Protein chains: 2
Amino acid sequence: MTQSTKDLDDLIDLMAKLPGLGPRSARRAVLQMVKKRALLMKPLAQTLSTVAETVRECLTCGNVGTSDTCDICKSPKRNTTELCVVEDVSDLWAMERAGVFKGRYHVLGGTLSALDAVGPDELRIPQLLRRVAEDDVQEVILALNATMDGQTTAHYIADQLAGVRVTSLAQGVPIGGELDYLDDGTITAAMKARKSL
Amino acid sequence: MTQSTKDLDDLIDLMAKLPGLGPRSARRAVLQMVKKRALLMKPLAQTLSTVAETVRECLTCGNVGTSDTCDICKSPKRNTTELCVVEDVSDLWAMERAGVFKGRYHVLGGTLSALDAVGPDELRIPQLLRRVAEDDVQEVILALNATMDGQTTAHYIADQLAGVRVTSLAQGVPIGGELDYLDDGTITAAMKARKSL
């Protein structure tokens, strides 16, 4: 390709690296942007440049934001006595969308994994222990994924946090879930944790 | 959401408007970009800004490029006597990837459609007729999609282009195609156009 279409090719190559997009859908996306230049491409270019310059990790909790302390850590409305531990920023966003938690967060950045040689120091676990020791945290809620690695990490953290109340999300039948489509593990967990009506 | 995460939210909303992405995959894409800031987000922001500023339609053929005359129309290596008519820029790109055609293109920008009230003047058909009349075009190859609207458009253009050789892409079994999975129309077309070995 010649110089003048090189930028277009570069754009397609970069877009194709995004999760969920391949070369074909990247081309479609770029053509769509070219068609909607004023409404889509220019605002996207502008916003992306701004975010690329300003985005950073919150030094306290690991959330993504545009300053050294994120909005949630800064907010005086959030309960400082409850700390919710999540694996990833996407999990934090999912919790926020549910809107059920009014405390603060701590993003680990992954899970312990013997296979991938991820130990406590590769995650933000030391920072978590320091936060709990130094701040007035009364309850640590472990909202880790219900995977093997997630649960291993949850048990490790619970062991380290003696003296503080440590809880984890309930396991059971998801709302709207049909028993016929659920795995055995979920049904077993729901059965063991059954409640009287 | 507060001001400082507004840019992130805007970015997610804009990404979600791209074809193939929804709110969920837009969030994943943005988090991926945040993680790969130097390798992915900054180059993407830079390239997108450049393209948004420079991209334009070729005044001759309707291809997308960064100058008023696209690389293909400018190239002295392309055969000027053959003109390939396609519906959309994505079709032109598909033809170029196949690398089988060495002439020039003409992008219609859609097909005639009675239902959507698209007539010849909504497409680049007048420009096509002018190009064929003024330039030294000896063959017009109609590479329109094998849809009802595509074929209607092909017949309309062929009618308008008396005196020039007008051809269209062959129809038949695609390479690697299994008969069992082909529709009746394709098999009928392939049967009618059968060739002696």
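Rules used in this analysis
Residues numbered from 1 in each chain as written. Chains lettered and ligands numbered in written order. Predicted model: local features only at pLDDT ≥ 70, side-chain atom pairs only at ≥ 80, totals over all residues. Heavy atoms only, no water. Pairing = 2+ DSSP bridges. Helix = DSSP H or I, 4+ residues; strand = E, 2+ residues; numbered from the N terminus. Axes fitted to C-alpha atoms, helices over the stretch in contact; angles between N-to-C directions. Buried < 20%, exposed > 50% of the residue type's maximum accessible area, 1.4 Å probe, protein only. Contact = heavy atoms within 4.5 Å. Salt bridge = Lys/Arg side-chain N within 4 Å of Asp/Glu carboxyl O. Polar contact = N/O pair within 3.5 Å; in protein donor to acceptor, adjacent residues only side chain to side chain. Domains from an automatic or database assignment. Patch = residues over 30% accessible without salt bridge, like charges linked within 9 Å, V, L, I, M, F, W, Y side chains within 5 Å. Areas by Shrake-Rupley, 256 points an atom, 1.4 Å probe, with all protein chains shown as cover. Least-squares fit on C-alpha atoms with pLDDT ≥ 70 in both. Core = buried A, V, L, I, M, F, W, Y, C linked by side-chain atoms within 4.5 Å. Right-handed = clockwise from strand over helix to strand, strands pointing away. Left-handed = near helix turned anticlockwise from the far one by under 90°. Nonpolar A, V, L, I, M, F, W, Y, C, P; charged D, E, K, R; others polar. pLDDT = per-residue confidence, 0-100. Lys, Arg positive; Asp, Glu negative; His and termini not counted.

## Focus: the sheet that holds strand β4 (residues 104-107) of chain A
All names here are of chain A.
Right, so step 1: Ordered by their spatial adjacency, four strands build an open sheet running β4-β3-β5-β6, and the pairing between neighbours is parallel. Where the open sheet ends on each side, the last strands, each with one partner, are β4 and β6 (165-168). On average, each strand axis in the sheet is inclined to that of its neighbour by 25 degrees, with strand direction left out of account.
Right, so step 2: Pairing of strand β3 (residues 82-86) with strand β5 (residues 139-142) involves four bridges; the strand directions are parallel. Bridged to L83 within β5 is V140.

## What to know about helix α5 (residues 89-98) of chain B
Right, so step 1: Residues of α5 of chain B that are buried: V89, D91, L92, W93 and M95 of chain B.
Right, so step 2: G99 of chain B sits one or two residues past α5 of chain B and shows a positive phi near 70 degrees.

## Brief notes about the sheet that holds strand β5 (residues 139-142) of chain B
Residues and elements named next belong to chain B.
Right, so step 1: Taken together, the four strands give an open sheet; going across it, the order is β4-β3-β5-β6, and neighbouring strands pair in parallel fashion. The open sheet has two edge strands, β4 (104-107) and β6 (165-168), and neither has a second partner. Between one strand axis and the next, the sheet turns through 25 degrees on average, direction left out of account.
Right, so step 2: The sheet contacts of α5 involve β3 (82-86) and β4, and relative to β4 the element is tilted by about 160 degrees.
Right, so step 3: Of the strands in this sheet, β3, β4 and β5 are in contact with helix α6 (residues 125-134), which crosses β4 at around 155 degrees.

## Side note on the interface of chain A and chain B
Right, so step 1: The interface of chain A with chain B comprises 47 residues on the first partner and 47 residues on the second.
Right, so step 2: Linking chain A with chain B are two salt bridges.
Right, so step 3: The partner of K35 of chain B in a salt bridge is D88 of chain A, and the shortest N-O contact between them spans 3.5 Å.
Right, so step 4: Between the two partners, chain A and chain B, sit seven residue pairs in polar contact (both at pLDDT 80 or more).
Right, so step 5: Breaking the side of chain A that touches chain B down by element, the ones donating at least two residues are α1 (3-15), α2 (23-35), α3 (37-54), β2 (64-65) and α5 (89-98) of chain A.

## Things to note about the domain arrangement of chain A
Right, so step 1: Entries for chain A in the domain assignment read domain 1 (3-54) and domain 2 (64-196).
Right, so step 2: Each of domain 1 of chain A and domain 2 of chain A was reduced to a C-alpha centroid, and the two centroids are 35 Å apart.

## Some remarks on unusual backbone geometry
Residues and elements named next belong to chain A.
Right, so step 1: The backbone of A117 sits at a positive phi, close to 55 degrees, despite the residue not being glycine.
Right, so step 2: Considering the arrangement of structural elements, one finds A117 in the loop between β4 and α6 (125-134).
Right, so step 3: A relative accessible area of 59% places A117 in the exposed class.

## Quick notes on a nonpolar patch on the surface
All names here are of chain A.
Right, so step 1: Together, V173, L179 and I187 line one region of the surface with nonpolar side chains, adding up to about 240 Å² of accessible area.
Right, so step 2: When you line up the elements, V173 lands in the loop between β6 and α8 (184-192).
Right, so step 3: Take V173: its relative accessible area is 38%, and that puts it in the partly exposed class.

## Quick notes on the relation of the copies chain A and chain B
Right, so step 1: It takes a turn of 180 degrees to lay chain A on chain B, together with a shift of 0.0 Å along the axis; the resulting RMSD is 0.0 Å. This pairing of chains is accounted for by a two-fold axis. The rotation axis passes nearest to the C-alpha of A45 of chain A in chain A, at a distance of 2.9 Å.
Right, so step 2: The residues that chain A uses at the interface reappear at the interface of chain B in 100% of cases, marking a shared surface.

## Re the nonpolar core
Right, so step 1: Counting 76 residues, the largest nonpolar core has M15 and M33 of chain A together with M15 and M33 of chain B as the members making the most contacts within it.
Right, so step 2: Not counting residues up to four positions away in its chain, the partners in contact with M33 of chain B are L18 and L48 of chain A together with L11, M15, L40, M41 and L44 of chain B.

## Side note on the environment of D184 of chain B
Residues and elements named next belong to chain B.
Right, so step 1: On the secondary structure map, D184 appears in helix α8 (residues 184-192).
Right, so step 2: Classification of D184 as exposed rests on a relative accessible area of 62%.
Right, so step 3: Spatially, the C-alpha atoms of D184 and T153 are 23 Å apart, while their sequence positions differ by 31 residues.

## Here we look at the pairing of β5 of chain B
The two faces of a sheet get side chains in turn, since along a regular strand they alternate between them.
Residues and elements named next belong to chain B.
Right, so step 1: Burial of β5 is two-sided: the residues E139 and I141 facing one way and the residues V140 and L142 facing the other way are all buried.
Right, so step 2: Relative to β6, β5 runs parallel, the two sharing four bridges. Its bridge partner being in β6, L142 is matched across the sheet by S168.
Right, so step 3: In this region the chain leaves β5, passes through helix α7 (residues 148-160) and returns to the parallel neighbour β6; the handedness of that crossover is right-handed.

## Considering the packing of α6 of chain A against helix α7 (residues 148-160) of chain A
All names here are of chain A.
Right, so step 1: Two elements in contact, α6 and α7, have axes separated by 11 Å at closest approach and are oriented at 35 degrees. The element α6 and its partner α7 pack so that their crossing is right-handed. Where α6 approaches α7, its residues I125, L128 and L129 are matched on the opposing element by T153, Y156, I157 and Q160.
Right, so step 2: Grouping the amino acids of the contact of α6 with α7 by side-chain chemistry returns five nonpolar, two polar and no charged.

## Regarding the confidence of the model for chain A
Residues and elements named next belong to chain A.
Right, so step 1: This prediction gives chain A a mean pLDDT of 90; 98% of its residues lie at or above 70.
Right, so step 2: The lowest-confidence element of chain A is α1, averaging 84 in pLDDT; the highest-confidence one is β4, averaging 95.
Right, so step 3: The complex prediction reports pTM at 0.79, with the ipTM value standing at 0.80.

## Details of the side chain of R131 of chain B
All names here are of chain B.
Right, so step 1: Here R131 lies in helix α6.
Right, so step 2: Of the side chains with opposite charge, D135 comes closest to the buried, unpaired R131, at an N-O distance of 4.3 Å.
Right, so step 3: In this structure R131 touches T60, C61, C73, L83, R104, Y105, H106 and V137, once residues within four positions along its chain are discounted.

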